[in-house]
Amino acid sequence: MKSPADFYKPLAIGAPMPLRELPVKAERMIHFFPPQNAKMAAKVPDMVKQVDVLLGNLEDAIPADAKEAARKGFIEVAQRVDFGDTGLWTRINCLNSPWVLDDITEIVATIGNKLDVMMLPKVEGPWDIHYLDQLLAQLEARHGVTKPILIHAILETAQGVKNVEAIAGASPRMHGMSLGPADLAASRRMKTTRVGGGHPFYGVLEDKKEGRERTLFQQDLWHYTVAKMVDACVSSGIKAFYGPFGDFSDEAACEAQFRNAFLLGCVGAWSLYPTQIDIAKRVFSPDVNEVKFAKRILEAMPDGTGAAMIDGKMQDDATWKQAKVMVDLARLIATKDPALKERYGF
Ligand code: GLV
Ligand code: MG
């Protein structure tokens, strides 16, 4: 194991210093766009105003014969558009693919100073992060990149889930992790063809009752993995995200899946379709009444210790911490969302 002091040294002479803390940013949705599609690329300046993170996708869903056009299109858009405080990310191809080396080298060479995060698919263990970490440091040094490009892993293989804690702590470059339910289902041999969401046969059958049919209560197929991912990420100081929800026609189910992830500790999800942007905004922005109540807890216990009663509910040091998580997140979102700022009362 590396000594703690070496953990925060740049991995190449001339590369920027690794960050000790993640930049504080609202990242409620990571909105995917296919950069080889000129119509979509033309919409980017508009999209930048609507989303927290915009991601140029180079991996799955981009046909093999469009991989180079996607990479070129992404670089062109990144050079042309002012992203302001909206995150600029890309999802590169996986490490054993024929495209990934050019993805990494060309992107860092051309837009290394604009790119915030590189999303790495099909991460199996910390060795995948170490490889990308080293290569990024060499390229950052060569191209005069001044802030480290962060790595976001997709958790989408059984082996990745087994190694999730080691992945989360593999490098100070780790930004966070997203659940990839489609690849993960395939890797685990789960019997579902859906991209995220529930399955009508995965449930608990209620006890026998005389004279009436028993109900099968549907359960969340992803609960175990999301909870495991959240613990791994939060204990390493990085962020957890739910990934894609493939049924664009079922907004209610998408919202329910996003909300489960939010309640368990995820900070955002992917949006693959315009309607999913608003769903993510609704879900990953804390509830106005909860924020107002949390503010009252913080006001009632200014130093965060002791106990207080508010509307008949007991508050103590632990609920003060819960309230602080809620108010800090609301404050962050308020900086991006004037309507919510007003409703939160900041
Ligand atoms: C996302 O990449 C997934 O496989 O679900
Ligand atoms: Mg995938």
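Anything mentioned here points back to the structure above.
Description of the structure in this document. (Residues numbered from 1 in each chain as written. Chains lettered and ligands numbered in written order. Predicted model: local features only at pLDDT ≥ 70, side-chain atom pairs only at ≥ 80, totals over all residues. Heavy atoms only, no water.)

1. With respect to the coordination of the magnesium ion (ligand 2)
By definition of the ideal shapes, four donors in a tetrahedron about a metal sit 109.5 degrees apart, and six donors in an octahedron sit 90 or 180 degrees apart. Rules: Each metal's donors comprise the N, O and S atoms found within 2.8 Å of it (within 3.2 Å for Na, K or Ca). Water is not part of the atom list, so some coordination spheres may appear incomplete. Secondary structure elements are defined from DSSP: runs of H or I of at least 4 residues count as helices, runs of E of at least 2 residues count as strands, and each element is numbered from the N terminus. Each residue is placed in one exposure class: buried if its accessible area under a 1.4 Å probe, protein chains only, is under 20% of its type's maximum, exposed if it is over 50%, and partly exposed if it falls in between.
Taken together, E156 (OE) and D183 (OD) make up the full set of protein donors to the magnesium ion (ligand 2), lying 2.1 Å away. Placement of E156 in the loop between β5 (150-155) and α7 (158-162) and of D183 in helix α9 (residues 181-188) is noted, with a sequence separation of 27 residues between them. Residue classification places E156 among the buried positions, given a relative accessible area of 3%.

2. Let's talk about helix α11 (residues 251-264)
Rules: To estimate the expected span of a helix, subtract one from its residue number and multiply by 1.5 Å. Each C-beta atom gives one direction from the helix axis, and the arc is the one those directions make. The contact criterion used is simple: two residues touch if any of their non-hydrogen atoms lie within 4.5 Å.
The end-to-end C-alpha distance of α11 is 20 Å, a good match for the 20 Å that 14 residues give at a rise of 1.5 Å each. Among the residues of α11, C254, E255, Q257, F258 and A261 are the ones counted as buried. Here the buried residues of α11 occupy an arc of 165 degrees about the axis, which is enough to place them on one side. Across from the buried face of α11, at angles greater than 90 degrees, the exposed residues are A252 and L263. Looking at the buried side of α11, the elements it contacts are α10 (223-235), β10 (269-271) and α12 (274-284). Among the residues trailing α11, G265 stands out with phi positive, at a value near 125 degrees.

3. As for the site of ligand 1
Counted only if it meets this: Think of it this way: one heavy atom of a residue within 4 Å of a molecule or strand is enough to make that residue near it. Think of a polar contact as two N or O atoms within 3.5 Å of one another; within protein, one of them needs to be a possible hydrogen donor and the other a possible acceptor, and neighboring residues in sequence only count if both atoms come from side chains. Areas reported here follow the Shrake-Rupley algorithm with a probe of radius 1.4 Å; residue values treat only the protein chains shown as occluding. Classification used: nonpolar for Ala, Val, Leu, Ile, Met, Phe, Trp, Tyr, Cys and Pro, charged for Asp, Glu, Lys and Arg, polar for all others including Gly.
The immediate surroundings of ligand 1 are formed by R91, E156, G180, P181, A182, D183, P244 and W270. Contacts to ligand 1 include R91, whose side-chain N or O atom sits 3.1 Å from an oxygen atom. A distance of 2.9 Å separates an oxygen atom of ligand 1 from a polar atom in the side chain of E156. Taking 190 Å² as the accessible area of ligand 1 by itself, protein coverage stands at 94%. Broken down by element, the residue count for the shell around ligand 1 peaks at three residues, all from α9. Grouping the constituent residues of the shell around ligand 1 by class yields four nonpolar, one polar and three charged.

4. Brief notes about the nonpolar core
Inclusion rule: What makes a nonpolar core is a set of buried Ala, Val, Leu, Ile, Met, Phe, Trp, Tyr and Cys residues whose side-chain atoms join them at distances within 4.5 Å.
Ranked by internal contacts, the top residues of the largest apolar core, which has 71 residues, are I104, M118, I129, M177 and F258. The contacts of I129, once residues within four sequence positions are left out, are L120, V123, I151, A153, I167, A170, S171 and M174. Core analysis: the second largest hydrophobic core is formed by eleven residues, I30, F32, V53 and W270 among them.

5. What about the side chain of T90?
Structurally, the position occupied by T90 is in strand β3 (residues 87-91). One polar contact links the side chain of T90 to the main-chain carbonyl oxygen of G56, over a distance of 2.8 Å. Sequence-distant contacts of T90, that is, excluding residues within four places in its chain, are made with L55, G56, L58, F74, I107, L115, V117, M118 and M119.

6. What to know about the side chain of E156
Threshold: Positive charges come from Lys and Arg, negative ones from Asp and Glu, while His and the chain ends are left out of the count. We define a salt bridge as a side-chain nitrogen of Lys or Arg found within 4 Å of a carboxyl oxygen belonging to Asp or Glu.
K122 provides the closest opposite charge to the buried, salt-bridge-free E156, at an N-O distance of 4.0 Å. A distance of 2.8 Å separates the side chain of E156 from the backbone nitrogen of K122, its partner in a polar contact.

7. Focus: the packing of helix α5 (residues 100-111) against helix α6 (residues 126-143)
So the rule is basically this: A fitted line through C-alpha atoms serves as each axis, taken over the contacting stretch for helices, and the angle formed by two N-to-C directions is quoted from 0 to 180°. Crossings are assigned a handedness: left-handed for a near helix turned anticlockwise from the far helix by less than a right angle, right-handed for a clockwise turn.
Relative to each other, α5 and α6 sit at 35 degrees, their axes nearing to 9 Å. Considering the relative orientation of α5 and α6, their crossing is right-handed. Contact residues: L101, I104, T105, V108 and A109 in α5; Y131, L132, L135, L136, L139, E140 and H143 in α6. Taken together, the residues of the contact of α5 with α6 break down into nine nonpolar, two polar and one charged.

8. Regarding the packing of aromatic side chains
Condition: Here is the rule: rings of Phe, Tyr and Trp (six-membered ring for Trp) pair when centre to centre is within 6.5 Å. Planes less than 30 degrees apart are stacked, more than 60 are edge-to-face, and the remainder are tilted. Charge over a ring is defined by NZ of Lys or CZ of Arg lying within 6 Å of the ring centre and within 35 degrees of the ring normal.
A full pass over the atoms with the stated rule returns eight aromatic pairs. Geometrically, the ring pair formed by F248 and Y273 is stacked, given 4.7 Å between the ring centres and 10 degrees between the ring planes. Residue F248 is found in the loop between β9 (239-241) and α11, and its partner Y273 is found in the loop between β10 and α12; the two are separated by 25 residues along the sequence. We note R20 situated over the ring of Y8; from NZ or CZ to the ring centre the distance is 4.2 Å. Stacked on the ring of W99, the Lys or Arg K67 has its end atom at 4.9 Å from the ring centre.

9. Overview of the sheet that holds strand β4 (residues 117-120)
So the rule is basically this: Strands were regarded as paired on the criterion that DSSP finds at least two bridges between them.
Strand order in the open sheet formed by eight strands is β9-β6-β5-β4-β3-β2-β1-β10, and the pairing between neighbours is parallel. The open sheet terminates on both sides in strands that have one partner only, identified here as β9 and β10. Put simply, the sheet's adjacent strands are angled 25 degrees from each other on average, direction ignored. As paired elements, β4 and β5 share four bridges and run parallel to each other. When the bridges of β5 are listed, V117 appears paired with L150. Against the sheet, α10 contacts β5, β6 (174-179) and β9, and its axis sits at roughly 175 degrees relative to β6.

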